[in-house]
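Spelled out, the chains give:
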Amino acid sequence: MGQLWQQVVQLAHELGFDACGVADVDLKGAREPLLAWLSDGFHGDMSYMERHAALRLEPAELVPGTVRVLTFRANYLPADTAANWRDASFAALDDATSPVISWYARGRDYHKVMRARLQSLARRIEAIAGPLGFRVFTDSAPVLEVELAARSGLGWRGKHTLALSRDAGSMFFLGEIFVNLPFPVTPPQSEHCGRCTRCIDVCPTQAIVAPYRVDARRCISYLTIEHQGAIPVEFRRAIGNRIYGCDDCQLICPWNKFAKRAVIADFASRDIEAQSLVELFAWSEEEFRVRTAGSAIARIGHARWLRNIAIALGNALAAHSAADHAVARALKARSDHANAMVREHVGWALAQAHAFAS
Ligand code: SF4
Ligand code: SF4
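These notes cover the structure that comes with them. (Residues numbered from 1 in each chain as written. Chains lettered and ligands numbered in written order. Predicted model: local features only at pLDDT ≥ 70, side-chain atom pairs only at ≥ 80, totals over all residues. Heavy atoms only, no water.)

Examining the pattern of salt bridges
Under the counting rule described, the total for this entry stands at 13 salt bridges. Between glutamate 344 and arginine 236 there is a salt bridge, and its shortest N-O distance comes to 3.0 Å. Of this pair, glutamate 344 sits in helix α17 (residues 340–357) while arginine 236 is found in helix α11 (residues 233–239), placing the two residues 108 residues apart along the sequence. Residue glutamate 344 is classed as partly exposed on the basis of its relative accessible area, which comes to 34%. (Salt bridge = Lys/Arg side-chain N within 4 Å of Asp/Glu carboxyl O. Helix = DSSP H or I, 4+ residues; strand = E, 2+ residues; numbered from the N terminus. Buried < 20%, exposed > 50% of the residue type's maximum accessible area, 1.4 Å probe, protein only.)

Quick look at the structure:
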């Protein structure tokens, strides 16, 4: 089985995965923290987290016959990412009329990319080893991805709760293949957060309420991507110009000095963030559909896209930039939008100019 694993490692690299490991399926140790997080309501309206809690702890129940979980890591920073990307990303947060989009979402939707490659890998394993019981997952509700990644040596769980590695930071996607073959388990990495609290301190909304505990209801990534309804007013100023996700806790992390560029060409940026907020806000529903097709951004739909940009435009008005006139005009053009949530956010945004003046 050890020799087969060596072949899997080789195949995984050929398919663009940067690291891989093997976890066993005994996740009892993860039970208490998961249940405490859920009972605190930190998952917000991600009710699927609660629904799948039992399955998340029992991979063999989720996919009968599973005895191991093969874990994979794929770096996602686009190949042409500049050396000073972390400083440049922080500087972009001060450019009030330009959008900031999370690094992971700038290329093709990773769900599609990772899933296709994991399927391909599983088929290749089958070609070597014979019939294989398997199922692939990536960012899927019933799977404790970070826990499995940490157990199998792909990294450790950072205080921001993401998987983190000494040789690649945290700018990578995770994926899994549940299998019915007893591959040899790979050992975990040691943890290297030490006394550092930078991710906790930098978080704009104090969403990391304690080391290793994120209250999703406060997290800008959750609010701008997963959350369906109106964004609570108390977080709108802190959102700044982040229109899809937030990377701050990763940007500040010293281990991301070692973040690697993607070898998978699908993760090249589509440069949506190169356009101004006003330009993005003017996209019709059809333009949104066409321009975001195949990207993770498409998942939030046009109304939530407008909701997020309206907040950023309101914050631009509050910052009193030279573009105020164009920003206000763009907002007013949407003030009778058919969607009540969009209208409310536009109203809030327009009021920011007055809030600043008063
Ligand atoms: S993604 Fe942003 S808002 Fe969420 S925990 Fe990290 S720094 Fe805080
Ligand atoms: S910023 Fe510091 S505490 Fe947070 S994940 Fe990185 S090393 Fe750990």
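So, the site of ligand 2
What surrounds ligand 2 is the set Gly158, Lys159, His160, Leu164, Cys193, Cys196, Arg198, Cys199, Cys253, Pro254 and Trp255. Grouping the constituent residues of the shell around ligand 2 by class yields seven nonpolar, two polar and two charged. (Near = heavy atom within 4 Å. Nonpolar A, V, L, I, M, F, W, Y, C, P; charged D, E, K, R; others polar.)

Topic: the site of ligand 1
Residues in contact with ligand 1, as listed here, are Cys203, Pro204, Thr205, Ala207, Ile208, Cys219, Ile220, Ser221, Cys246, Asp248 and Cys249. Those elements giving two or more residues to the shell around ligand 1 turn out to be α10 (220–226) and α12 (248–251). In terms of residue class, the shell around ligand 1 is made up of eight nonpolar, two polar and one charged.

Comments concerning the sheet that holds strand β4 (residues 134–137)
The strand order across the open sheet built from four strands is β1-β2-β7-β4, with neighbouring strands paired in antiparallel fashion. Sheet topology places β1 (19–23) and β4 at the edges, where each strand pairs with a single neighbour. Each strand axis lies, on average, 20 degrees off the axis of its neighbour in the sheet, ignoring direction. Relative to β1, helix α1 (residues 2–14) is tilted by about 140 degrees, and along the sheet it contacts β1 and β2 (68–75). Those strands touched by helix α7 (residues 110–129) are β2, β4 and β7 (172–179), and its axis lies near 35 degrees from that of β7. (Pairing = 2+ DSSP bridges. Axes fitted to C-alpha atoms, helices over the stretch in contact; angles between N-to-C directions. Contact = heavy atoms within 4.5 Å.)

What to know about the packing of helix α15 (residues 301–318) against helix α16 (residues 324–332)
Close contact between α15 and α16 brings their axes to 10 Å; oriented N to C, the two are set at 145 degrees. Of the two elements, α15 crosses α16, and the hand of that crossing is left-handed. Of the residues in α16, those in contact with Ala310, Leu313, Ala316 and Leu317 of α15 are Asp324, Val327, Ala328 and Leu331. When grouped by side-chain class, the residues that make up the contact of α15 with α16 number seven nonpolar, no polar and one charged. (Left-handed = near helix turned anticlockwise from the far one by under 90°.)

What about helix α2 (residues 31–39)?
Those residues of α2 lying buried are Leu34, Trp37 and Leu38. The buried residues of α2 occupy an angular sector of 95 degrees when projected down its axis, which confines them to one face. Opposite the buried face of α2, by more than 90 degrees, sit the exposed residues Glu32 and Ser39. Of the surrounding elements, those touching the buried residues of α2 are α3 (47–51), α4 (53–56) and β9 (213–214). Backbone geometry just downstream of α2 places glycine 41 in the positive-phi region, at approximately 75 degrees. (Arc of directions from axis to C-beta.)

Structural notes on the side chain of aspartate 247
Positionally, aspartate 247 belongs in the loop between β10 (242–244) and α12. The buried charged residue aspartate 247 lacks any salt bridge, with arginine 106 as its nearest oppositely charged partner at 5.3 Å. A polar contact is formed between the side chain of aspartate 247 and the side chain of serine 102, at a distance of 2.7 Å. Engagement of the side chain of aspartate 247 in a polar contact is seen with the backbone nitrogen of tryptophan 103, the distance being 2.8 Å. Excluding its chain neighbours within four sequence positions, the residues that come into contact with aspartate 247 are Ile101, Ser102 and Trp103. (Lys, Arg positive; Asp, Glu negative; His and termini not counted. Polar contact = N/O pair within 3.5 Å; in protein donor to acceptor, adjacent residues only side chain to side chain.)

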